[in-house]
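Single-letter residue listing:
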Amino acid sequence: MLFLETWFWLFAALAVPAYLVCPRPLKLYWLLAASAIFHYHFAGPAGMTPIIILAILTYTVALVPWRLERWSGVAAMIALLVLTLTFYKYGRFLLDNAVVLAAASGVKMPAWLARWKSPAAPLGISFFTFEFVHYLYEVRVHGRAPIRNPFHFGVFAIFFPTLAAGPIKRFPDFVPQLAALHNPDPARWFGGARRIIRGLFKKVCIAELCLECIQVFEKIPHRSAPVVVALAVLQGWRIYFDFDGYSDVAIGLAQTLNLTVPENFNRPYWSTSLQEFWRRWHMSLSSWIRDYIYIPLGGNRVRRGFNLLAAMLLCGLWHGAAWNFAAWGMYHGTGLALEAGARRWAPDLFADRWPQRVAGWAICYAFVTYGWLLFFYPIGTVAQMTRALVVW
Amino acid sequence: MVTNPTSADRHGRARAIGRGVGIAALYALMLLAVLAMWKTNAPPFIYVAF
């Protein structure tokens with residue numbers, strides 16, 4: 001539960017004041033030590049090992065001056081990061097589907113392979129893998145100077161406020177702050193503290209209230225259209241307040257240490273188009289997907305529809321190894337591709353006038369809200385819910 | 001040149017103090033609500049599982 005555990009708040013009550021009274025030259029080391037303690041407590045030695053090995057390799061590989069025109073160690077390191085993420089997060093999922101396929105085609109799988117249990121994924125693997133890939137890509141493709149100070153890289157890798165669930169940091173914004181660590185002024189510190197309280201309020205008082213309502217609706221045996229609508233709306237608000245609350249605590253904690261990490265939300269449910277929604281929802285992930293998947297695939301220049309589908313499919317699967325996440329990603333990819341087409345063929349529909357804005361908001365909100373059903377429920381259940389929506 | 005504070009200055013200061021007290025009260029209420037609804041077995045944050 002991390003930010004909801006008593007241990008965490010005892011840890012923060014010691015770690016933050018100790019950081020503030022720490023002499024300036026020692027702040028970096030304290031930050032690294034506190035992050036390591038946090039990581040050890042929540043992940044244990046087995047959970048820490050993969051991130052330590054990958055961090056050391058990523059740090060080292062980025063420092064080697066690979067010749068750009070040749071196959072480089074950086075590309076191999078990115079592949080290793082992706083493979084590690086696939087092994088921990090998708091290994092069992094891929095194997096289960098292979099077993100089903102093999103059975104359907106009459107191929108016999110070895111028993112040990114079918115029984116294999118994937119090890120628990122290390123804490124925050126989806127987040128630190130993306131940060132490392134971003135780091136290597138920026139060094140390799142955009143020619144940015146790599147991080148030379150290993151302590152800077154260590155804090156970038158395991159910074160405790162963002163370790164478990166982001167926001168996904170960008171090293172050109174984060175690492176320069178580590179070179180000049182100093183205490184925040186009182187206004188900034190209290191701003192961070194207020195943000196932490198806001199975040200906890202969103203999670204404990206709003207998201208959990210939504211969850212309790214959801215549990216009431218889920219117990220209704222006959223899922224009629226109003227029940228399905230209520231479930232979709234409540235799930236949408238629950239995930240928003242849950243993750244925005246989490247992000248507020250993470251960003252607020254970083255601010256009490258006078259460090260700035262990226263924002264994650266900007267009132268996404270006010271969006272008047274799907275494109276705008278993805279610029280306001282989980283911004284640190286959506287901008288990562290844009291920069292490191294969508295644009296390298298060709299972006300708006302070639303095969304835009306395919307690029308959108310592929311990027312959003314990966315975005316969906318990033319959320320979990322299950323077909324409903326893939327369906328959720330494809331659903332949004334299809335929506336974005338259709339919207340891009342509509343923008344091209346009928347730009348008047350997206351004019352900045354109030355009737356279009358109101359209609360755009362209603363369509364976008366309905367589209368996103370229905371999508372939460374795919375996110376939270378298995379595909380079979382969503383099919384039943386959809387039938388209830390269509391056949392009153 | 002030193003001038004005495006005008007009525008507008010005093011008004012501005014009083015408004016700023018009132019705003020500060022209001023914000024402090026709001027956050028104190030939010031914190032109270034969090035503590036009142038705090039559960040040791042609360043459901044985890046959704047995104048931590050990802």
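Procedures and definitions
- Residues numbered from 1 in each chain as written.
- Chains lettered and ligands numbered in written order.
- Predicted model: local features only at pLDDT ≥ 70, side-chain atom pairs only at ≥ 80, totals over all residues.
- Helix = DSSP H or I, 4+ residues; strand = E, 2+ residues; numbered from the N terminus.
- Rg over C-alpha atoms; globule rule 2.2 N^0.38 Å.
- Buried ≥ 20, exposed ≤ 12 C-beta atoms within 10 Å, placed from the backbone.
- Contact = placed C-beta atoms within 7 Å.
- Domains from an automatic or database assignment.
- Nonpolar A, V, L, I, M, F, W, Y, C, P; charged D, E, K, R; others polar.
- Core = buried A, V, L, I, M, F, W, Y, C linked by C-beta atoms within 7 Å.
- Axes fitted to C-alpha atoms, helices over the stretch in contact; angles between N-to-C directions.
- Parallel < 35°, antiparallel > 145°, perpendicular 65-115°, else oblique.
- pLDDT = per-residue confidence, 0-100.
- Left-handed = near helix turned anticlockwise from the far one by under 90°.
- Expected span 1.5 Å × (residues − 1).
- Bend = angle between axes of the 7 residues up to and from the residue.

### Considerations on the overall build of chain A
Within chain A, the secondary structure is distributed over 15 helices and 0 strands. Its C-alpha radius of gyration of 23 Å places chain A within 12% of the 21 Å reference for a compact globule of 392 residues. Counting only C-alpha atoms, chain A reaches 65 × 55 × 45 Å along its principal axes. Residue burial in chain A is summarised as follows: out of 392 residues, 38% are buried. Sequence separation of 24 or more characterises 70% of the internal contacts of chain A that already satisfy a separation of 6 or more.

### Things to note about the overall build of chain B
Broken down by element type, chain B carries 1 helix and 0 strands. Projecting the C-alpha coordinates of chain B onto the three principal axes gives extents of approximately 65 × 25 × 15 Å.

### Comments concerning the domain arrangement of chain A
Interfaces are often sized by the accessible area lost when the parts come together. Residues and elements named next belong to chain A. We note that the domain assignment places domain 1 (2-183) and domain 2 (187-390) within chain A. Taking only C-alpha atoms into account, the centre of domain 1 sits 24 Å from that of domain 2. Contact residues are listed per partner, giving 24 residues for domain 1 and 22 residues for domain 2. Contributions of two or more residues to the side of domain 1 that touches domain 2 are made by helix H1 (6-21), helix H3 (73-104), helix H5 (125-140) and helix H7 (171-178). Among the elements that make up the side of domain 1 that touches domain 2, the one with the highest residue count is H5 (5 residues). Residues of the side of domain 1 that touches domain 2, tallied by class, amount to 14 nonpolar, 7 polar and 3 charged.

### Quick notes on the interface of chain A and chain B
Each side of the interface is counted separately: chain A has 23 residues, and chain B has 15 residues. For the side of chain A that touches chain B, the secondary-structure elements that each account for two or more residues are helix H8 (186-218) and helix H9 (225-256) of chain A. Of the residues contributing to the side of chain A that touches chain B, the split by class is 15 nonpolar, 3 polar and 5 charged.

### Topic: the environment of Leu374 of chain A
Inspection of the secondary structure assignment puts Leu374 of chain A in helix H14 (residues 354-376). A sequence separation of 302 residues divides Leu374 of chain A from Ser72 of chain A, and the C-alpha atoms of the two residues are 39 Å apart.

### Quick look at the nonpolar core
All names here are of chain A. Counting residues in each nonpolar core, the largest one holds 69 residues, and the members touching the most others are Leu136, Phe156 and Tyr246. When residues of this core are assigned to their parent elements, the largest contribution, 11 residues, is made by helix H2 (residues 24-63). Two domains share this core, each providing at least three of its residues, namely domain 1 (2-183) and domain 2 (187-390). In contact with Phe156, not counting residues within four places along its chain, are Ile147, Lys169, Phe171, Phe174 and Val175. Core analysis: the next-biggest nonpolar cluster, separate from the first, contains 28 residues, Ala232, Leu313, Cys364 and Leu373 among them.

### Considering the packing of H9 of chain A against H14 of chain A
Residue and element names in this part refer to chain A. As a packed pair, H9 and H14 sit with axes 8 Å apart at the nearest point and diverge in direction by 80°. When the axis of H9 is compared with that of H14, the two are roughly perpendicular. Along the contact surface, H9 presents Ala232, Val233, Gln235, Gly236 and Ile239, while H14 presents Val368, Thr369, Tyr370, Trp372, Leu373 and Phe376. In terms of residue class, the contact of H9 with H14 is built from 8 nonpolar, 3 polar and no charged.

### With respect to unusual backbone geometry
Negative phi characterises most residues that are not glycine, and trans characterises most peptide bonds. All names here are of chain A. Note that the residue after Gly166, namely Pro167, is joined by a cis bond; omega there is 5°. Considering the arrangement of structural elements, one finds Pro167 in the loop between helix H6 (150-158) and H7. Even without being a glycine, Asn258 presents a positive backbone phi close to 65°. Here Asn258 shows up in the loop between H9 and helix H10 (274-280). Looking at Asn258, the number of C-beta atoms within 10 Å reads 19, which means it is partly exposed. For Arg303, which is not glycine, the phi dihedral falls at a positive 45°. By secondary structure assignment, the location of Arg303 is in the loop between helix H11 (283-297) and helix H12 (304-318).

### Observations concerning the environment of Ala179 of chain A
Secondary-structure assignment places Ala179 of chain A in the loop between H7 and H8. Each C-alpha atom, one on Ala179 of chain A and one on Leu28 of chain A, is 8.4 Å from the other, the two residues being 151 residues apart in sequence.

### As for the confidence of the model for chain B
The predicted model of chain B averages 84 in pLDDT, with 90% of residues at 70 or higher. Both scores are available for the predicted complex, with the pTM at 0.91 and the ipTM at 0.81.

### A few points about the packing of H11 of chain A against H12 of chain A
Residue and element names in this part refer to chain A. Direction vectors running N to C along H11 and H12 enclose 145°, while the axes themselves pass 9 Å from each other. The element H11 and its partner H12 pack so that their crossing is right-handed. From H11, Ile289, Ile293, Tyr294 and Leu297 reach across to H12, where they touch Asn307, Ala310, Ala311, Leu314 and Cys315. When grouped by side-chain class, the residues that make up the contact of H11 with H12 number 8 nonpolar, 1 polar and no charged.

### Some details on H3 of chain A
All names here are of chain A. With 32 residues, H3 extends only 40 Å from end C-alpha to end C-alpha; this falls clearly short of the ideal 46 Å at 1.5 Å per step. At Tyr90, H3 shows its maximal kink, close to 70°. Among all positions of H3, only Val74, Met77, Ile78, Leu81, Leu85 and Lys89 are buried. Buried residues belonging to H3 abut H2 and H5. Count one or two residues on from H3 and you reach Gly106, which has phi positive near 80°.

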